[in-house]
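In case you want the letters, here they are:
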Amino acid sequence: MHGRVKVKSTAQQEEEKRKEREKKLKIYIAARDGCFTKRKEGVFDDEALQLTQQLLSSNPDFATLWNYRREILMHLETVKEVDEVQKIYEAELLFLESCLKVNPKSYGSWHHRSWVSARLPRPDWARELSLCDRCLSLDDRNFHCWDYRRMVVKMFNVPVDQELKFTDRLIGSNFSNYSSWHYRSTLLPLLHTTASELPPMQAESPKSNRVCEEQLLKEYELVQNAFFTDPNDQSAWFYYRWLLGRAELEEMISCLHVSREEEQVAVVFSRPVNVQSGCLLLVLDGQPHAVEWKSIHPRFKHSPVWICNLPPGTISEISNEHNLTVHWTEKHSRKDCTLFTGHAESWCQDSATDQELFRSELSVEKNSVLQSELQSVQQLQELEPLNKWCLLTLILLMRALDPLSYEKEMLAHFQTLKEVDSMRSAYYSDLCSKFMIENTILKMEYAEVRVFSVSDKNLSTLCHLDQLVLVTHINLSCNQLLCLPPQFAMLRCLEVLEADNNSIGNLEGLYHLPKLEAVILKDNKIATLADLEPLTSCPRLKRLDLRGNPVTQLANVESELAKLLPSVLDLLL
Amino acid sequence: MCFYSKREYLIVIFDHISVVAAACSRVGQRVLHLDRRSYYAANWASFTFNGLLSWIQQQQVSETQDWCDLLEEGEELIQLSSQSSIRNLQVFTYTSKEDEVEEASADSVNTTEEEQHGPGETRCAVGSERLSQEVSRTHHSLQHMEIPAEGFCSLNISPIFQSQATITEGAEPEAEQPQSPAIPSQSEPSRKKISFAQLEKEGRRFNIDLVSKLMYSRGSLVELLIKSNVSRYAEFKKVSRILTYRNGEVEQVPCTRADVFASRQLSVVEKRKLMRFLTSCIEEKDDQSAYNGRPYLEFLRDQKLGENLQHFLLYSIAMVTEDTPTEVGLASTRNFLRCLGRYGNTPFLFPLYGLGEIPQCFCRMCAVFGGIYCLRHSLRCLLLDTATNRCKAVIDSRGQRISCSHVLLEENYVHERKNVATPPRFLSRAVLITDSSLHGSDSEQEVSMVTIPPITEGAPAVKMVELSSSTMTCMSGTYLVHLNCSSVSSAYQDLSPLITTMFSTPESHDQGRPSVLWCLYFNMEDGSAMEVEGHDLPSNVYVCSGPDGELGHEHAITQAELIFHKILPEEDFCPPAPNPEDILYDGGSAPSSGPEEEPSLQLEV
């Protein structure tokens, strides 16, 4: 084996490395202890600056040392000339760059950099911006850098359109980077308001958070390019949904209900609120009344439905007419209703259809835009029939356009979704339940009835129950419900509940329902008497069907039930 | 008597077979590498502009003599010819020559040796002093060639013509003359017409390859460079885009997700179809095998991809022709996709300072491990042991006998022995210096691969590479364009119609197209037809072919590995070279100053 180059063995190399490490560690520990002593003694000199620099350049995540360094720098600011301070801070920025090379995701380094940049007497923001560009070109998802960049952009007053071009570039090089898409979503509304000709009052309303249509169409094109290129990439789909989405609903009172017999008032808000702090004012026949507002279930501090009991005898006389107003002082919202002579109840409700309540997930101003978007996504769906993002977006677009006429297609797409994405089949079931309930509410409104019937629709969950405050009869039979959730207590007018052939084992929501008379729970999963406990709070319950429930197998169930629910006359076991 | 002739060599290697040389040297074989030329790597070489002009002048070097007096008993002699593999050389100059005065003054300016070398040479490691000397001499030996002013000149060098050796000892003083000056190129406005004198003056900025190839980023060359640590001797540039010539326009071919996303020429539906095709074709499927033997184009048509996509997939991604069988087309597409995204947005890399750097890197590796290099040293004949039919020694051009146990030859040396039944195939090559890019973009430093389907029936498909000055192969403000195809007739006839349509030349005064400043046509023998064995040669003599016409380096690397294993069946092919600090020298540990770690491939971004 002549002429061969002799190479150190791995053992030799290891040994050398180990010795090297030991030596390094000794130096490191000595320097660290030196720093700590100096800090304790309150020394803020150049030597301390040197020492911390050595340590931090090998370990930029040592927060205590950064703090010490800031203390030193703040001290130096007080004793040095501005020009000198500028020089010190510039050197600091240079040093930080070397730290970021060691660890581009060091919290300490980035924090210190923004601290230094903010204190620099004559900051060079253009340089900072190019530093961010360099960092992001190496790792376009470094959120430390994104944060820092936002700070720089704010300080430097970088125009919005320039930033938009920046996101164009980033998205162009990697359209899977949601950071860039998200940044775009924060810029577009700003772009709109600067070009806006709206009067200032209107500009403050939530709808002004939208993007002008011309820009919007460009955005649709951009995002379509992304999801047609790679329909499995979620970034583009999320951005698309943001584009199609609408500003949040205005907070207001959407329904007011008064019942003569219970002498109870129920107020429904457009979203869950907490009104206990006296911001809800009840005026009865011109007189303000101090009442105690309660949420519909003790579990809720925030609830869309709040109730109060009027002092006994206030409205109980059937021959009297009463005018009722509820003011929500916080949001300048009010609702009036009149309880006429001879009427047992009265209400005032905004319709779900008029408010396009259920389109809020996806709804741009123009139907034509939605229609053309639907066509593109349908085109993609033909090419990629099993793509879950495409299917889901298709469903959302159909719902935004016309929830009732697309119902059949929607159900078919949900079926495909559950098959192609079985890991999330429960999520799709819940979502589908929600949409079916929305459709039923719309149908109920068109029919102008107080009967809500969704039987045999594979419901796995209940929602939008705040929309059912006025419902007297509800039919939930033949679904896959597991419980009647506490929100069920919002059904203030409910008289008959049909929920046979489900898997209900929990009746928590049947809580203080003043008018509930009949409960059909045949073929469910109610196993113990304790499960029936909530029913004791419903004063009018007369009829209870428990056939086919495990609870009926208990010994002495009949006598125990008679004890628990003395008002029930018609008990089926 | 020369110092090297007294020792016995395990392997004597001639001409450009640098990979085998490096591999043998690396595992401890004593390697002597002789080259009759004044430069390394034969047809794989790259030249400065002035160097190329000299190369054009001196194409033929050969002489025959009787060496029988050097024979020992029981020995026999095989005469070696050295036929050139270059034909039909034609040069056109389309730029005016400036006054002589300026040129003369420029010639008198001396330059330092370091500048002459460029960054590549300064990194020579231990044991390569000889090599770097040789390299510097190569640069000095370049000569000026007189090209008539205005119009064009055409040099037709007949390959049959046997000239006397033009490189002699006497030629050396002339070669030592200073080169044209190394004036840093100013960033001139690109529209300014560049004169021939400027090209000559800035000639050192050019590194013009005789071959036109790219490195597939997962090809065997790149893997070998990484595996052997030879990559430390070179730097690379990403090929930034793939272009194609279609319907008289140059278009960019979208080949990555980002390209497809950003493409303006594709509809969203086409984008989806393209992406789906590319993703699906990575896996082998049953429905694909049904097309085995049938044209790839037919397969593509049946995928309902549309004209646009068919063109891109066939000519630019698979880089095959209409009648290529489906399985070949698919394999080629897969190879393209496999290489995509390793270093950049295209599957290709290009070495800074040209492809000629690569053989030099291997030479350097060979020298580091003790290989000896002699340039301008021709080989005359082989001495055979008649009893064993093995080559015992060789005789060089100076009449010296060199003992050896294995011999590697360039294919030209044994041309006469080649099977006449298969006439040699040729490649048609053209090299252009142009003043602007074929396809403008934000960056002026794009490195483009351009695929050109046959412009007429029966014409060859041309592969074109457009290099910007960022690859250190041309002066700033110019582009170096390489064209390559299998010969149908002469290089001029094969390629000039295309060049006149795509570029602006005196024959085609089309505005908006890049102007050709200078242009070279030649045919080179296609090395892919060459076999390692079957030349009726002694068992320890191996023949290595010249460059082939493919875009990648698979042929050359596979052949090198094959030869290596024939010589040394037990040894590892190019194992990683140790880091300098890990090498143990006699009587002490290694100097600890070397760089700690080197990235596996240095990429210029």
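Rules used throughout
Residues numbered from 1 in each chain as written. Chains lettered and ligands numbered in written order. Predicted model: local features only at pLDDT ≥ 70, side-chain atom pairs only at ≥ 80, totals over all residues. Heavy atoms only, no water. UniProt positions renumbered as here; feature names shortened; annotations may be inferred. Core = buried A, V, L, I, M, F, W, Y, C linked by side-chain atoms within 4.5 Å. Buried < 20%, exposed > 50% of the residue type's maximum accessible area, 1.4 Å probe, protein only. Helix = DSSP H or I, 4+ residues; strand = E, 2+ residues; numbered from the N terminus. Pairing = 2+ DSSP bridges. Axes fitted to C-alpha atoms, helices over the stretch in contact; angles between N-to-C directions. Salt bridge = Lys/Arg side-chain N within 4 Å of Asp/Glu carboxyl O.

Taking an unreviewed UniProt entry as the reference, chain B is identified by name as Rab proteins geranylgeranyltransferase component A belonging to Gouania willdenowi. Word for word, the UniProt comment on chain B under Sequence similarities (unreviewed entry) is "Belongs to the Rab GDI family." For chain B, the Function (unreviewed entry) comment in UniProt is given as "Substrate-binding subunit (component A) of the Rab geranylgeranyltransferase (GGTase) complex. Binds unprenylated Rab proteins and presents the substrate peptide to the catalytic component B. The component A is thought to be regenerated by transferring its prenylated Rab back to the donor membrane."

For chain A, an unreviewed UniProt entry supplies the name Geranylgeranyl transferase type-2 subunit alpha and the organism Gouania willdenowi. Word for word, the UniProt comment on chain A under Catalytic activity (unreviewed entry) is "geranylgeranyl diphosphate + L-cysteinyl-[protein] = S-geranylgeranyl-L-cysteinyl-[protein] + diphosphate".

Peer 1: Would you mind going over the nonpolar core in detail, with residue names and values included?
Peer 2: The tendency in soluble globular proteins is for nonpolar side chains to be buried as a group. If you look at the biggest cluster of nonpolar residues, it comprises 115 residues, and the most contacted ones within it are Leu199, Phe348 and Trp518 of chain B. The element contributing the most residues to this core is helix α15 (residues 357–368) of chain B, with seven residues. Among the nonpolar cores identified, the runner-up in size contains 62 residues, and Met410, Phe488, Ala489 and Met490 of chain A belong to it.

Peer 1: Go over the sheet that holds strand β8 (residues 322–328) of chain A, please, and point to the residues and values.
Peer 2: Residues and elements named next belong to chain A. Taking strand neighbours across the sheet as the criterion, the four strands line up as β5-β4-β8-β9 in an open arrangement whose pairing is antiparallel. Strands at the two margins of the open sheet, each flanked by one partner only, are β5 (287–289) and β9 (333–339). Neighbour-to-neighbour, the strand axes of this sheet turn through a mean angle of 25°, independent of strand direction. Summarising the sheet, strand β4 (residues 280–284) and β5 pair through three bridges and their orientation is antiparallel. Bridge pairing in β5 places Leu284 opposite Gln287.

Peer 1: So what about the pattern of salt bridges? Which residues, and what values?
Peer 2: All names here are of chain A. Overall, the coordinates contain 49 salt bridges over all chains when judged by the stated rule. Ionic pairing is found between Glu128 and Arg127, a salt bridge with its closest N-O pair at 3.3 Å. The structure contains a network of salt bridges with shared partners spanning Glu15, Arg18, Lys19 and Glu22.

Peer 1: Describe the pairing of strand β2 (residues 31–34) of chain B, and please don't skip the residues or the numbers.
Peer 2: All names here are of chain B. Of the two faces of β2, the one carrying Val31 and His33 and the one carrying Leu32 and Leu34 are both buried. Alignment of β2 against strand β12 (residues 372–374), held across three bridges, turns out to be parallel. Following the sheet pairing, His33 is matched in β12 by Tyr373.

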